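Summary of the model geometry
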Amino acid sequence: MTVYAEVIGDPIAQSKSPAIHGFWIEKLGLDAQYRATHVEGPALEEYLASRREDVAWRGCNVTMPHKQAVMPLLDRLEPLAKRVGAVNTVVKAPDGNLVGRNTDMAGFLEPLGERLRDRHYFRMARVLGTGGAARAIVVGLAKEGFTLVLAGRNPDKARALLDELDPEGDHHVAPLDHFSDATDFAFDDREGCCDLVVNASPLGMRGQPPLAFDWSHAPPGSIAYDIVTDPVETEFLENARAAGFETIDGLSMLIGQAAAAFAHFFGVEPPREYDAELRERLVA
């Protein structure tokens with residue numbers, strides 16, 4: 001029997017997940033498949049009911065706009081998914097129950113791992129966006145000791161998100177357009193600090209408006225991190241490099257979260273030694 005997993009969303013044609021999982025399946029020689037399935041909101045419950053009865057189905061990744069809507073339809077949630085308040089991976093357990101997991105946080109933090117192993121005098125992140133992806137990023141960065149400035153079109157929503165996800169943290173909010181115009185703010189000495197600027201919004205994605213961010217708002221030595229994957233080379237990252245900042249693209253998070261999901265689906269770790277080849281395939 002050929003087992004399979006899939007990614008669901010609305011829309012779904014843009015997803016790179018089938019290419020990632022298919023690459024690993026090919027390298028490992030597994031008798032397995034990974035598909036993309038378009039599921040609209042009203043059909044989500046029916047979709048899960050049908051897959052629950054499919055003995056070949058191992059689970060699914062969940063993308064926009066279902067990461068929160070799927071939660072009450074599952075049998076149980078892992079603790080991290082509960083804390084984040086979003087599910088991006090559904091796994092069928094041996095007892096047949098559907099378990100909601102969140103691998104977005106691990107995927108986001110993975111490319112920062114070496115830097116986060118260092119000790120810092122202070123860690124601060126400007127996180128742009130208050131949607132589902134931002135939830136995992138806020139939880140992950142707060143766990144790693146970052147003070148956050150969460151920026152959104154609606155600052156009240158940003159404050160509510162911080163109060164929900166890390167109520168004990170000393171975090172701040174700002175309107176998103178605060179960062180669109182240049183500033184002459186004099187940053188203090190950032191030696192020994194770790195600063196991030198994260199685009200956790202869909203702005204800059206193909207078909208979406210660009211993200212207006214002036215890099216005078218970034219402290220010296222900041223890392224620019226964009227979770228957008230289409231295109232991989234966003235204007236946000238191009239402008240960051242032009243201003244002299246280190247950058248991390250959205251494929252880093254995408255591959256990292258997919259690796260954790262792959263292990264859940266197929267019971268084997270993906271062959272990460274081929275990451276460079278995988279990246280080449282994804283941007284071809």
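Structure shown above.
As a starting point, this report considers the structure included with it. (Residues numbered from 1 in each chain as written. Predicted model: local features only at pLDDT ≥ 70, side-chain atom pairs only at ≥ 80, totals over all residues. Heavy atoms only, no water.)

Digging into the sheet that holds strand 8 (residues 147-152)
- The parallel open sheet is built from six strands, whose spatial order is 9-8-7-10-11-12. With one partner strand each, in any of the chains shown, strand 9 (172-175) and strand 12 (246-248) form the two edges of the open sheet. The average angle at which neighbouring strand axes cross in this sheet is 20°, direction not considered.
- When strand 7 (residues 122-128) meets strand 8, the two strands line up parallel, connected through five bridges. The residue bridging Ala 125 from the neighbouring strand is Leu 148, located in strand 8.
- Set on the sheet, helix 8 (residues 235-242) makes contact with strand 7, strand 10 (193-199), strand 11 (223-226) and strand 12; between it and strand 11 the angle comes to about 170°. (Pairing = 2+ DSSP bridges. Helix = DSSP H or I, 4+ residues; strand = E, 2+ residues; numbered from the N terminus. Axes fitted to C-alpha atoms, helices over the stretch in contact; angles between N-to-C directions. Contact = heavy atoms within 4.5 Å.)

Observations regarding unusual backbone geometry
- Residue Asp 10 is joined to Pro 11 through a cis peptide bond whose omega torsion reads 5°.
- With respect to the helices and strands, Pro 11 occurs in the loop between strand 1 (3-9) and helix 1 (17-28).
- Omega for the peptide link from Met 64 to Pro 65 comes to 5°, which places this bond in the cis form.
- Note on placement: Pro 65 falls in the loop between strand 3 (57-62) and strand 4 (76-77).

Thoughts on a nonpolar patch on the surface
- The grouping of Leu 28, Leu 30 and Val 268 at the surface amounts to a nonpolar patch, some 180 Å² of accessible area in total.
- Tracing the backbone shows Val 268 in the loop between helix 9 (250-266) and helix 10 (275-283).
- The exposure class of Val 268 is partly exposed, given its relative accessible area of 31%. (Patch = residues over 30% accessible without salt bridge, like charges linked within 9 Å, V, L, I, M, F, W, Y side chains within 5 Å. Areas by Shrake-Rupley, 256 points an atom, 1.4 Å probe, with all protein chains shown as cover. Salt bridge = Lys/Arg side-chain N within 4 Å of Asp/Glu carboxyl O. Buried < 20%, exposed > 50% of the residue type's maximum accessible area, 1.4 Å probe, protein only.)

A closer look at the pattern of salt bridges
- If you walk through the whole model with that rule in mind, you get 19 salt bridges.
- Two residues, Arg 76 and Asp 95, come together in a salt bridge whose shortest N-O distance is 3.5 Å. Taken together, the residues span a long stretch of sequence, with Arg 76 in strand 4 and Asp 95 in the loop between strand 5 (89-92) and strand 6 (98-101) at a distance of 19 residues.
- A residue is classified by how much of its surface remains accessible, and Arg 76, at 38% relative accessible area, is partly exposed.
- Note on Asp 95: relative accessible area 52%, which makes it exposed.
- One salt bridge connects Arg 272 with Asp 275, and the closest N-O pair in it is separated by 2.9 Å.
- Sharing partners across several salt bridges, the network here consists of Glu 110, Arg 272 and Asp 275.

Topic: the packing of helix 1 against helix 10
- Across the interface, helix 1 lies against helix 10 with an axial gap of 10 Å and an inter-helix angle of 135°. Relative to helix 10, the element helix 1 lies oblique. Crossing of helix 1 over helix 10 shows right-handed handedness. Counting all contacts with helix 1, which are made through Ala 19, Ile 20, Phe 23, Trp 24, Glu 26 and Lys 27, the residues of helix 10 involved are Glu 277, Leu 278, Arg 281 and Leu 282.
- Here the residues of the contact of helix 1 with helix 10 are counted per class, giving six nonpolar, no polar and four charged. (Parallel < 35°, antiparallel > 145°, perpendicular 65-115°, else oblique. Left-handed = near helix turned anticlockwise from the far one by under 90°. Nonpolar A, V, L, I, M, F, W, Y, C, P; charged D, E, K, R; others polar.)

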